[in-house]
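Take a look at the letters that make up each chain.
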Amino acid sequence: MTTRGVLYVHSAPRALCPHVEWAVAGVLGTRVGLDWIRQPAAPGTWRSEFSWQGEAGTASKLASALRGWHLLRFEVTAEPCATAEGERYSCTPDLGIYHAVTGIHGDILIPEDRLRAALTRSQRGETDLEAEIAKLLGKPWDDELEPFRYAGEGAPVRWLHQVV
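About the cut-offs
- Residues numbered from 1 in each chain as written.
- Predicted model: local features only at pLDDT ≥ 70, side-chain atom pairs only at ≥ 80, totals over all residues.
- Heavy atoms only, no water.
- Helix = DSSP H or I, 4+ residues; strand = E, 2+ residues; numbered from the N terminus.
- Buried < 20%, exposed > 50% of the residue type's maximum accessible area, 1.4 Å probe, protein only.
- Contact = heavy atoms within 4.5 Å.
- Pairing = 2+ DSSP bridges.
- Axes fitted to C-alpha atoms, helices over the stretch in contact; angles between N-to-C directions.
- Salt bridge = Lys/Arg side-chain N within 4 Å of Asp/Glu carboxyl O.
- Phe/Tyr/Trp six-rings, centres within 6.5 Å; stacked < 30°, edge-to-face > 60°.
- Lys NZ or Arg CZ within 6 Å of the ring centre and 35° of its normal.

- In the annotation of an unreviewed UniProt entry, the entry for the protein reads DUF3145 domain-containing protein, and the organism field reads Streptomyces sp. 900105245.

1. What about the side chain of Thr92?
(1) Moving on: Inspection of the secondary structure puts Thr92 in strand β5 (residues 86-92).
(2) Moving on: Given a relative accessible area of 1%, Thr92 falls into the buried group.
(3) Moving on: Leave out the neighbours within four places in its chain, and Thr92 touches Leu72, Arg73, Trp141, Glu144 and Leu145.

2. Comments concerning the sheet that holds strand β1 (residues 2-13)
(1) Moving on: Read from one edge to the other, the open sheet built from seven strands follows the order β2-β3-β1-β4-β5-β6-β7, with strand pairing classed as antiparallel. The open sheet has two free edges, formed respectively by β2 (37-38) and β7 (108-109), since each of these has just one partner strand.
(2) Moving on: Against the sheet, helix α2 (residues 58-66) engages β1, β3 (45-55), β4 (73-78), β5 and β6 (96-102), with an angle of about 170 degrees to β4.

3. Some points on the pattern of salt bridges
For side chains of opposite charge, pairing can occur when their charged atoms come near one another.
(1) Moving on: In total, this model carries eleven salt bridges according to the counting rule given.
(2) Moving on: Between Arg88 and Glu75 there is a salt bridge, with its nearest N and O atoms 3.6 Å apart. With Arg88 in strand β5 and Glu75 in strand β4, this residue pair connects regions lying 13 residues apart in the sequence. Residue Arg88 shares its accessibility class with Glu75, and that shared class is buried.
(3) Moving on: We note a salt bridge from Lys139 to Asp143, for which the minimum N-O separation is 2.9 Å.

4. Some details on the pairing of β6
(1) Moving on: Note that β5 and β6 share seven bridges and pair antiparallel. Residue pairing for β6: Thr92 is matched across the bridge by Gly96.
(2) Moving on: Turn length for the β5-β6 hairpin, with the two strands adjacent in sequence and antiparallel, is three residues.
(3) Moving on: In this sheet, β7 lies alongside β6 in antiparallel orientation, the contact comprising two bridges. Paired with Val101 across the strands is Leu109, a residue of β7.

5. Describing the packing of aromatic side chains
(1) Moving on: Summed over the entire model, instances satisfying the criterion amount to one aromatic pair.
(2) Moving on: The ring of Trp46 carries Arg14 above its face, with NZ or CZ at 4.3 Å from the centroid.

See below:
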């Protein structure tokens, strides 16, 4: 079963851009040439967007292929299909990778065991429940990536909105 999604490379040093293309091509099994534009939020870096189509699980393969480069900020999304929920991966140099399962309307679906664990840590006084839930929803990643989500130099903009 196939699905489709989008790879958002929010910032990459110029020297890393060809490596990103090679990694994406390796996952998709076809030659890939991304259209790179300057990223005004981090001078000296570049950004790109790429729509893809592939088997369910392609988003996780793309995220895995890109996650090892410390200077790269990216997101990968996959739409739900008949055999799999949707997915969202976000990655920043400071926070590492975040993964969320998404439903048919784009909502983040949090497994009950993760909610129970967050509640237990909060009840023990180890953490704050609000902070735990924010992490489960990917808020720290959204906060860090938001300035990078804006396109620069007249490029088309695809907004990723937070649901409040």
